[in-house]
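# Close look at the chain arrangement
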Amino acid sequence: MLLKVLGTVSPHCHKEKNCPGYLVITEDAKLLLDCGNGITRNLKYPEDIQELTIVISHLHRDHYSDIFSIAYDSYVYHNLGLLTNKIKVYIPNPTSKEELLDFQILTNLGKEQYLEVIPYNPQDKLNIGNTYITFSSNPHSIPSYSMKISEQNTALVYSGDTGYVGNTIETFAAGSNLLICESTFLKNQKKTKDYHLYAHEAAQIAKKAQVNELLLTHFWPDIDKNIYLEEAKPIFPNTKIAIENTLIKIK
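Cut-offs and rules
Residues numbered from 1 in each chain as written. Predicted model: local features only at pLDDT ≥ 70, side-chain atom pairs only at ≥ 80, totals over all residues. Heavy atoms only, no water. Pairing = 2+ DSSP bridges. Helix = DSSP H or I, 4+ residues; strand = E, 2+ residues; numbered from the N terminus. Axes fitted to C-alpha atoms, helices over the stretch in contact; angles between N-to-C directions. Buried < 20%, exposed > 50% of the residue type's maximum accessible area, 1.4 Å probe, protein only. Phe/Tyr/Trp six-rings, centres within 6.5 Å; stacked < 30°, edge-to-face > 60°. Lys NZ or Arg CZ within 6 Å of the ring centre and 35° of its normal.

### Notes on the sheet that holds strand β11 (residues 178–182)
If you trace the seven strands from one edge of the open sheet to the other, you get β7-β8-β9-β10-β11-β12-β13, paired in mixed fashion. The open sheet has two edge strands with one neighbour each: β7 (126–128) and β13 (239–241). Taken pair by pair, the neighbouring strands of this sheet meet at an average axis angle of 20°, ignoring direction. Here eight bridges tie strand β8 (residues 131–138) to strand β9 (residues 144–151), and the two strands are oriented antiparallel to one another. Residue pairing across strands places Ser 137 opposite Tyr 145, the latter belonging to β9.

### Concerning unusual backbone geometry
Keep in mind that most residues, glycine aside, have a negative phi and that most peptide bonds are trans. Look at the link from Ser 10 to Pro 11: it is a cis peptide, with omega at 15°. Structurally, the position occupied by Pro 11 is in the loop between β1 (2–7) and β2 (21–25). For the peptide bond that leads from Tyr 45 to Pro 46, omega is 0°, which places it in the cis range. Here Pro 46 lies in the loop between β3 (30–33) and β4 (52–55). Here Lys 15, not a glycine, exhibits a phi torsion of approximately 55°, which is positive. You can see Lys 15 is positioned in the loop between β1 and β2. Classification of Lys 15 by relative accessible area gives exposed; the value is 68%. The phi dihedral of His 218 is positive, around 60°, even though this residue is not glycine.

### Examining the packing of aromatic side chains
Taken as a whole and judged by the stated rule, the model has nine aromatic pairs. Ring geometry for Tyr 120 versus Tyr 145: centroids 5.9 Å apart, planes at 65°, classification edge-to-face. With Tyr 120 in strand β6 (residues 115–120) and Tyr 145 in strand β9, this pair connects stretches of sequence that are 25 residues apart. A relative accessible area of 1% means that Tyr 120 is categorised as buried. Residue class for Tyr 145 comes out buried when judged on its relative accessible area of 4%. Grouped by ring-pair contacts, the aromatic residues Tyr 120, Phe 135 and Tyr 145 constitute a single cluster. Between Lys 125 and the ring centre of Tyr 132, over which it is positioned, the NZ or CZ distance is 4.7 Å. The ring of Phe 172 has Lys 148 lying over it, and the distance from NZ or CZ to the ring centre is 5.0 Å.

This is the structure we're talking about:
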């Protein structure tokens, strides 16, 4: 299982940094976990969109806005004979009024696209060959889902956006090879609501889940990522920071 980091910050791109996006490559599948602003800058065309499946963690625009670029890309490359199969895009079924507009936008992208948009529910289990995708709900301002990508004896968990109190990641990610976990805040910052994690909270989750490795993500665009690492590493030593265009072998 390979992981390519495409985007790591929110709510906007900053220099070489993009909003959230991770490309996971297994023996059977090519998965894009979230599709935030700017991540298409780090894709290789047309290779990376061939047989691609996109899974969106929740309907906030910093996590899906580049779907519009991929939609038009798919239309152009299909017309050129360079994309045979539609790109599958899994989006969460809306369960609140706040999600309805975004859901309607993503399910009505018009004719200039070559996508198959498929709503999912948190209890669903998706599979592509021997690669499986499962979900777990976490506290956020709208419903947000962690994803577990499993292939034989290897498992990667991506947190999506989550608060700390009531999160399910400790159980969901238990024993996983890698946890990609949001770490929006630093301890000198104040949360107005518990919709995101401090870096030290992400480390505590990784420690309790006993994962092999923690990869911090979802940083403020203009803050040095190493400060997040300094906060998390004393709690969970095998912590790294996600950096755009990095290729990681999951083991």
